[in-house]
Structures are given as C-alpha cells and as structure tokens.
Amino acid sequence: MALIELRELRKEYEMGSETVYALAGVDLDIERGEYVAIMGPSGSGKSTLMNLVGCLDTPTSGGYVLNGQTVQGLEDEELARIRNREIGFVFQTFNLLPRTDALRNVELPLVYSGTPAKERRRRALEALERVGLGDRVRHQPSELSGGQRQRVAVARALVNSPSILLADEPTGNLDTATSLEILALFDALHEAGNTILLVTHEDEVAAYAQRRIHLRDGRVESDDTSGRTVGRAVG
Ligand SMILES: Nc1ncnc2c1ncn2[C@@H]1O[C@H](COP(=O)(O)OP(=O)(O)OP(=O)(O)O)[C@@H](O)[C@H]1O
Ligand SMILES: [Mg+2]
C-alpha cells in the first residue's frame, strides 16, 4: 500500500459565473521513502496539490488515502489531528514566529499536540541538532541567516516525526549556495528514510529528487521515475 494514494482528485473554485479547475483529476501513488519533485507552470495546481496532500484543504471530489487512512470527507478537527501527526510543512517564506527563538519555534507543533514541556524541549533540541543548528537554539529569526531560518523551519517540520515532509519552493527565497545547503539537508533526510514532496520551478532543484512529476492545467502531464540526475556533489 502506498503512503499517499490520490484518486481522481479535483479541486474547483466557483468564481462568479466561472469555475476554476485548480486540480482536474489527479491520480498518484507515492511510496514511503520516495523523494518527489512537483513541477509545472505557475497556476498549474502545485500548491493546491500540496495543500490537499497536507490536509490544509479539502478536495471538491476524489479519493485520498494517507498512511492507510481515508482522508476525504473528514471534519476539520480530525484533519488537524492527522496533519499534526503525519505532515511536516516547509514554506518558501519560512513562516517562523518573529521575536521567538529557534527552540521555541521548533517546539510549537508539540505544544499543539499536548506534549509535556520537558519532552518538547528534548525533541526540539534534537531536531535542531539534526539540521545543524545545535549552536543557534537561542537565536531569533532576525538573528539568523536565510539558510539558517529555513533550517529552523525544517526542524519544526520534523519535530513530530511526520510520515511525510512537504516543501513548497523551499529554496525560492535563498541564494544558490544557501539553496545547496538546504538541498543537502533534504538529501540527508531522504537517506534517513523520510518521504519528501518538494515543489520547485527549477530543473536544478528537481534534479535532486528520484521522481519528477509535471503538472499542467491541474493534471499530471508527466511522471518521470528515472532517478536523480545530479550526483552527490553537495555537502
Ligand atoms: N482560493 C482560490 N480561489 C480561486 N482560485 C484559486 C484559489 N487558489 C488557487 N486558485 C487557482 O487555482 C489554480 C492553481 O493554483 P496553485 O496555487 O495551485 O498554482 P501553482 O502551480 O502553485 O502556481 P505557482 O507556481 O504560481 O505557485 C490557479 O489558476 C489559481 O488561480
Ligand atoms: Mg504555488
């Protein structure tokens, strides 16, 4: 059984008299441990797909099974629970709380899931160590570089040990050298067994994934599983 099973997934928006077909019937299976790049032109449905997979949004129709659990049709509260347990998100704009140190930012998902304070601290420290920020845990976002901020966001995404890491253009706001740093981190996470779905416009970034899915007009246009096209040159 695949970790993610999407069947005829659709997302439509009524805009006045017009209907926008953001997703127009997507069928996908993603296995545990895969590293997948989602590509396609602006407006092709990439973020919509990520938001549905991440249980931030619900489809208009279609089926979604995540880790053996049927997701479509669940109430918001149940979706939030699944999201907290199964999904880690990384966004282009980091989405960290300002004037809040790295440790506290990473602890937050554990606050929402009701983890005791001592355990929270231990796991947040461990996640920050994992992304190479063990020496920056008391720094606030404004006291960190762009790459370090994104690593805090990755630590926050990982702190609940989710079954899948979703990243929507995680290197979109970073320079080339810093992007390579984040991609090297994703490589390490993938090798440690994490499942990663990454949206990108850039072929150079997509080349790190083992599988590249192109969307166009809300549909899967191509699904290339020929493997990664770059060597392990970064680090
Ligand atoms: N809340 C909404 N209401 C109406 N239309 C929407 C809404 N969200 C997205 N859309 C439309 O759905 C389509 C897909 O949007 P989506 O954000 O998934 O594109 P994308 O592939 O992520 O694009 P980009 O590369 O620019 O981020 C677009 O045509 C967009 O205008
Ligand atoms: Mg988008």
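Let me begin by describing the structure that accompanies this report. One numbering rule holds for all chains: residues counted from 1, following each sequence as written. Lettering of chains starts at A and numbering of ligands starts at 1, both following the order in which they are written. A pLDDT threshold of at least 70 governs which residues receive local features in this predicted model, and a stricter bar of 80 or more applies before side-chain atom pairs are shown or counted, although totals over entire chains, interfaces and linings include all residues. Side-chain numbers here rest on the full set of heavy atoms in the structure, without hydrogens or water.

Describing empty space enclosed by the protein
For clarity, the threshold we go by: Here the term cavity refers to a set of points on a 1 Å grid, laid over the protein atoms alone, in which a 1.4 Å probe fits but cannot get out; the term pocket refers to an open set having protein on both sides within 12 Å along at least five of seven lines, with lining residues being those that place an atom within 4 Å of a point. Grid points are joined across faces, edges and corners, and a volume is the space filled by probe spheres set on the points. Put simply, DSSP marks the helices as runs of H or I at least four residues long and the strands as runs of E at least two long, and each gets a number from the N terminus on. Any residue outside Ala, Val, Leu, Ile, Met, Phe, Trp, Tyr, Cys, Pro, Asp, Glu, Lys and Arg is labelled polar, Gly included; the first ten of those are nonpolar and the last four are charged.
On inspection of all chains with the given rule, the structure shows one cavity of 30 Å³ or more. As a volume, the largest cavity reaches approximately 40 Å³. Contributing to the lining of the largest cavity are M50, N51, F89, F91, L166, A167 and D168. At the level of secondary structure, the elements contributing two or more residues to the lining of the largest cavity comprise α1 (46-53), β6 (87-91) and β7 (164-168). The element that contributes the greatest number of residues to the lining of the largest cavity is β7, accounting for three residues. Residue composition of the lining of the largest cavity, grouped by class: five nonpolar, one polar and one charged.

Points about the site of ligand 1
The following threshold applies: Being near a molecule or strand, for a residue, means having at least one of its heavy atoms within 4 Å of it. Pairs of N or O atoms within 3.5 Å make up the polar contacts considered here, provided that, within protein, one atom can donate a hydrogen while the other can accept it, and that residues adjacent in sequence are counted only when both atoms are side-chain atoms. Surface accessibility in these figures is a Shrake-Rupley result with a 1.4 Å probe; residues are shielded only by whichever protein chains are displayed.
Lining the immediate surroundings of ligand 1 are 13 residues, of which S42, G43, K46, S47 and T48 lie closest. One nitrogen or oxygen atom from the main chain of G45 is found 3.0 Å from an oxygen atom belonging to ligand 1. Coverage of ligand 1 by the protein amounts to 63% of the 630 Å² it exposes when considered alone. Those elements giving two or more residues to the shell around ligand 1 turn out to be β1 (4-15), β2 (18-30) and α1. Per-element tally for the shell around ligand 1: the top contributor is α1, with three residues.

Looking at the packing of helix α5 (residues 146-158) against helix α6 (residues 176-191)
For any two helices packed against each other, the geometry is given by the interaxial angle and the distance between the axes. Cut-off, in case you're wondering: Here an angle of 0 to 180 degrees is reported between the N-to-C directions of two axes, which are lines fitted to C-alpha atoms, with helices fitted over the stretch in contact. For classification, angles of less than 35 degrees are called roughly parallel, those exceeding 145 degrees roughly antiparallel, those between 65 and 115 degrees roughly perpendicular, and all remaining angles oblique. Here a crossing is called left-handed whenever its near helix is offset anticlockwise from the far helix by less than a right angle, and right-handed whenever the offset is clockwise. Pairs of residues are marked as contacts when any of their non-hydrogen atoms sit within 4.5 Å.
Contact pair α5 / α6: the axes reach a minimum separation of 9 Å and the direction vectors enclose 20°. Judged on the interaxial angle alone, α6 and α5 are roughly parallel. Considering the relative orientation of α5 and α6, their crossing is right-handed. Between α5 and α6, the contacting residues are G146, G147, Q150, R151, V154 and L158 on the first element and T178, E181, I182, L185, F186 and L189 on the second.

Focus on the environment of A2
The criterion, for reference: Working definition: with a 1.4 Å probe on protein chains only, accessible area under 20% of the residue-type maximum means buried, over 50% means exposed, and in between means partly exposed.
Position of A2 relative to the elements: it lies in the segment before β1. Since its relative accessible area comes to 4%, A2 is described here as buried. As a C-alpha pair, A2 and S145 span 143 residues in sequence and 37 Å in three-dimensional space. Discounting chain neighbours no more than four positions away, the residues touching A2 are D29, I30 and E31.

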